[in-house]
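One letter stands for each residue in the lines below.
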Amino acid sequence: MAECELRQRKKEDDGEVNLQKDKEEIKSAEQGQLHIENKPEPKEDFDSEDDKNIDISAKIPSGTNKMPQILETLLSGISERWRNWIIRGIFGWLMIGLFCLLCYGGPLALMIAVLVVQVKCFEEIINIGYSVYRIHGLPWFRSLSWYFLMASNYFFYGESLVDIFAVVVNRTEYLKMLITYHRFVSFSLYIAGLVWFVLSLVRKYYMKQFSLFAWTHVCLLIVVSQSYFIIRNIFEGLIWFIVPVSMIILNDIWAYIFGFFFGRTPLIQVSPKKTWEGFIGGGVATVICGIIISYFLCQYPYFVCPVEYSEKFGKMIIDCEPSPLFTLHEYVLPEFIARAMNVFGCSNKITIYPFVIHAFWMSLFSSIIGPFGGFFASGFKRAFKIKDFGDVIPGHGGIMDRFDCQYLMATFVNVYIYSFVSTPTLQKTVQQVINLRPEEQLQLFYVLKGSLENRGILNVQ
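Since the model is a prediction, treat every value here as computed from it, not as a measurement.

Caption draft 1: Highlighting helix H13 (residues 354–368). Across its 15 residues, H13 extends 22 Å between first and last C-alpha, which sits within 8% of the 21 Å expected from 1.5 Å per residue. Pro354, Phe355, Val356, His358, Ala359, Met362, Ser363, Phe365, Ser366 and Ser367 are the residues of H13 that are buried.

Caption draft 2: Focus on helix H10 (residues 276–297). Taking 1.5 Å of rise per residue, the 22 residues of H10 would be expected to cover 32 Å, and the 31 Å separating its terminal C-alpha atoms lies within 8% of that figure. Within H10 the residues assigned to the buried category are Gly278, Phe279, Gly281, Gly282, Gly283, Ala285, Thr286, Val287, Gly290, Ser294 and Leu297. On the buried face of H10, the contacting elements are helix H9 (239–262), strand S1 (266–268), strand S2 (271–275), helix H11 (301–304), H13 and helix H14 (371–383).

Caption draft 3: Just the packing of aromatic side chains, in detail. Per the stated rule, a full pass over the model turns up 33 aromatic pairs. A centroid spacing of 5.6 Å and a plane angle of 70 degrees characterise the contact between Tyr147 and Trp196, whose relative ring orientation is edge-to-face. Of this pair, Tyr147 sits in helix H5 (residues 141–169) while Trp196 sits in helix H7 (residues 182–199), and the two are 49 residues apart along the sequence. For the pair Phe148 and Tyr190, a centre-to-centre distance of 5.4 Å together with 50 degrees between the ring planes defines the contact as tilted. Placement of Phe148 in helix H5 and of Tyr190 in helix H7 is noted, with a sequence separation of 42 residues between them. A residue is classified by how much of its surface remains accessible, and Phe148, at 3% relative accessible area, is buried. Using a relative accessible area of 31% as the deciding quantity, one classes Tyr190 as partly exposed.

Caption draft 4: Geometry of the nonpolar core. Core analysis: the largest hydrophobic core is formed by 76 residues, its most contacted members being Ile239, Trp240, Phe355 and Met362. For this core, the secondary-structure elements that each account for two or more residues are helix H3 (80–105), helix H4 (107–133), H5, helix H8 (206–236), H9, H11, H13 and helix H15 (399–421). Looking at this core, the element that brings in the most residues is H8, giving twelve residues. Residue contacts for Ile239: discarding those within four places in its chain leaves Pro244, Ser294, Leu297, Cys298, Phe303, Val304, Phe326 and Phe355.

Parameters and conventions
- Residues numbered from 1 in each chain as written.
- Predicted model: local features only at pLDDT ≥ 70, side-chain atom pairs only at ≥ 80, totals over all residues.
- Heavy atoms only, no water.
- Helix = DSSP H or I, 4+ residues; strand = E, 2+ residues; numbered from the N terminus.
- Expected span 1.5 Å × (residues − 1).
- Buried < 20%, exposed > 50% of the residue type's maximum accessible area, 1.4 Å probe, protein only.
- Contact = heavy atoms within 4.5 Å.
- Phe/Tyr/Trp six-rings, centres within 6.5 Å; stacked < 30°, edge-to-face > 60°.
- Core = buried A, V, L, I, M, F, W, Y, C linked by side-chain atoms within 4.5 Å.

Encoded structure:
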């Protein structure tokens with residue numbers, strides 16, 4: 001009996017010990033779980049889980065460190081830093097020479113060059129999209145991307161050419177139809193592409209197909225619409241194209257030079273090699289050079305006259321009497337500047353071309369805001385872990401690497417022209433009159449005739 005009681009007590013003691021152990025283990029586990037929950041999550045360099053797998057650096061070639069074999073042999077004994085400087089300098093001067101040659105070729109050569117650059121930029125950006133989503137077998141998608149590029153160019157380039165060749169085109173019946181219904185034709189082309197895209201959808205690829213569809217439209221917005229603005233700027237006068245493009249080129253060159261020799265303070269995280277010294281030095285140099293170039297170009301009608309089509313010669317011409325914007329004017333300096341000038345014995349008046357004032361504001365934009373086009377492109381490339389958009393230009397990268405800031409500048413110049421400079425032109429007015437109905441044209445004729453007679457300009461015997 002006593003033995004049975006001892007055994008029962010022992011079991012109870014063992015049970016209490018085990019229960020105590022279980023409680024301790026549960027408490028320990030809860031503390032461990034609490035520690036895990038309170039532990040800060042490790043920081044990731046990715047925006048989402050999907051981004052961990054995005055690394056297309058092996059698929060997109062880089063041109064920054066690329067160089068022809070002959071130059072690589074000649075520069076083999078030089079440090080990489082100076083070798084890159086020399087390669088960038090050589091091909092930079094070659095591009096400047098090509099730019100001058102295109103300007104000499106006139107508006108048609110520049111239009112063709114803009115179209116070629118646009119197509120190449122579109123190809124570089126769209127190829128990144130294909131590489132990211134690793135799609136090479138989807139039906140018709142590459143064809144659709146280029147189809148939308150063609151349809152967009154038909155719309156935008158058509159809008160530009162209508163104003164220039166309207167008088168000639170309206171004399172040809174079938175071309176007149178295209179002019180009258182240009183926007184409807186453009187819309188029909190886009191709708192056809194949209195239907196084509198919907199019919200090409202594959203069930204297991206819906207997300208990727210719609211992602212690439214959006215990617216294509218972003219490319220069109222960035223590349224094609226900006227190219228349209230460049231063409232419009234050219235027709236306003238070559239100076240509205242040459243000066244802004246030169247400012248971006250000069251800002252890029254001067255910022256690189258100042259940053260290379262004096263750069264110490266990082267400017268922006270998304271582009272680690274950019275420095276405050278390069279940004280400020282390049283900006284000041286760009287403003288000075290922009291004003292000098294503008295003053296020089298204002299003296300030549302070839303650069304300042306709008307591009308117009310001549311029925312007499314059957315071609316585009318650049319010949320006019322320079323507008324007041326490109327004739328010298330005398331301005332009185334503000335009082336605080338005049339006092340400073342008087343200290344040095346200078347006059348309080350200055351004689352300049354009014355366009356130089358516009359050039360000053362454009363140079364400020366190209367120096368302060370223009371680089372953000374490059375920063376945007378840098379962030380885009382870093383998002384996909386690529387160094388360049390391509391390797392077309394040794395030492396520089398792809399075409400898009402050189403034109404990222406140009407597109408932003410082109411938009412600003414076009415907006416600036418139509419906001420502060422543009423006035424109605426005879427060619428645009430004639431185009432609008434031709435599109436009126438015959439009875440409206442006749443009514444306009446009598447109104448205009450009466451106005452000219454009342455002002456004594458037209459004497460009717």
